[in-house]
Structure formats: C-alpha cells, structure tokens
Amino acid sequence: MITRVADRHWHALDDDRVVGRGYAEHRPDGRLFVCVDAWREATFDRLAEAMVAELPEPLYTVVDEADVELTACWQRAGFTIRRREWEYAVPTDPRTTGLEETLPPSGVTIVPAGQADEGLLRAVDRAIRDEVEATAGWQSMPAEVIPRPDGDTIIDPSKYAVAATPDRYLGLIRVVTVNRPRIGLLAVRTVEQRRGIARALLAHALGTLHRAGFAEAFAEVQELDHAASALFEGIGARPMNSNLELVR
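Residues numbered from 1 in each chain as written. Predicted model: local features only at pLDDT ≥ 70, side-chain atom pairs only at ≥ 80, totals over all residues. Heavy atoms only, no water.

Time to look at the packing of aromatic side chains. This structure, assessed with the given rule, holds 4 aromatic pairs. Three or more aromatic residues joined by ring pairs form one cluster here, namely F44, W74 and F79. Sitting over the face of the ring of Y60, R31 holds its NZ or CZ atom 4.7 Å from the ring centroid. A cation sits over an aromatic face here: R180 above F218, 3.8 Å from the ring centre. (Phe/Tyr/Trp six-rings, centres within 6.5 Å; stacked < 30°, edge-to-face > 60°. Lys NZ or Arg CZ within 6 Å of the ring centre and 35° of its normal.)

Now the structure itself:
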C-alpha cells in the first residue's frame, strides 16, 4: 500500500512495515526534484506511480549513471535523460597541473576569497548570469548555481575569489570545502574570455588549496561545456563518474 504521510513524502507499506520511501523537494531554482528509496523494483514502481500522479510536471531527478538499474526504474516511470554531468577530480599541486607560472593578464589582479568588495562581486555575478541566460541558459547549469527565487545569487561572499581591474571585476571562482574542496562556479565576462583569466583564477584557487594541505579538489562539468572540459583536462583533472538528470 502507498500512503502519503506529509506534504511531499510517501511511504510504501507491507503489513504496516515501511518498505520504501519517496519524497519531492523544490531546488533553489524552483524546479521540483523527486527521489525514491526502495529495495524492490516493484515497490519503486508503485511509489513512483503514486508520486507522478499527484505532483505537477515537469518533474526532475538525478541518478549516478553507473546505477543502470535505478536509471531504468525512472525510465519506466516516464522519465527521459535531459543531460549528463561529469565529476572531475582536480589535482592541486602546481607541479602536476602546470599552473605554477600562470599569472593573470596585464592590468588584472586576483583578489583572494574573503577580500572581494561585495557590491562589485554581486555586479559581476549578475552580469555573467545575464550573459549565460542569453545564450545557454542557467537551466543548463548545476542546480546550486541557479538563482534562488528571491533573486539572491551570492549566498556567501567569502567563498569567492575574483579577477579584478581597479574599477570592476571580470570573473569569479567559488570554492566550498565541507568534507572535500569543491569548485562550484568558475566564470568570466564574455568580452574578457580567451585572455587566460579563467586559468589564472583556477591556478589561484588550486594553489590556495594545495598550501592548505588538500591534494585534490572536485568539480562538475556539463557534458556539452567543451571549453570547461578542456580547461580541467588540460591541467590533469580526471573524470571520476557521471550523473544523469532526468525529466518527466
């Protein structure tokens, strides 16, 4: 039996024993993501059927591509693959990355994380987001870098290092360390691209992590973002696994 136990939570019951759980949540960009935890495929199918019958579409979910059984379960529920995202393990040692001599272009300096002017930081973030929205669109980006419904796009300014001229910022990189360092965002204004700014920001961030004792950082790259893939693979980053985003 499938029962809805809360606003967006479902249980699968067998003789009053919980044998599976499903839940749905809105991500910061407003999209509705679903998840099912069940040992048996038949239980998964019943939970998924109940959830999609009661929730508004479109619905999204993310799975490890190596988990072919879970992917097949969602496909039986009517979900199709929307995009693929690679996770890279990125070395931090400049002798490995080849970034030890990397400097920003003339007239540009790197402002370390925690030292950026918040007003200029928000201005460059907004400008870059507008440029991306006009091309690929932020829907192609990982959920955590998509603007929140209230429009706030800089949650913790202390996590950002920036490339700067005296009067404005040209690009930014965000590194978050919880259990391991993760590069969550690396972006440069369109008119400033192909000058080595992204590479200089990456060299700065990785060098900082290396001096702090971290051997590796991690980053996710959308499969179709060939420029980002080339940048990371060019410094010795290794693809570790891939995630699939599915949509119904």
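With that settled, consider the pairing of strand β11 (residues 216-222). Among the 7 residues in β11, 5 count as buried, and that is most of the element. Judged from the 7 bridges that link them, strand β6 (residues 80-91) and β11 form a sheet pairing that is antiparallel. Bridge pairing in β11 links A89 to F218. Bridge count for strand β10 (residues 181-188) against β11 is 2 bridges, and the pairing is parallel. Following the sheet pairing, R182 is matched in β11 by F218. Handedness of the β10-helix α5 (residues 197-211)-β11 crossover: right-handed. (Buried < 20%, exposed > 50% of the residue type's maximum accessible area, 1.4 Å probe, protein only. Helix = DSSP H or I, 4+ residues; strand = E, 2+ residues; numbered from the N terminus. Pairing = 2+ DSSP bridges. Right-handed = clockwise from strand over helix to strand, strands pointing away.)

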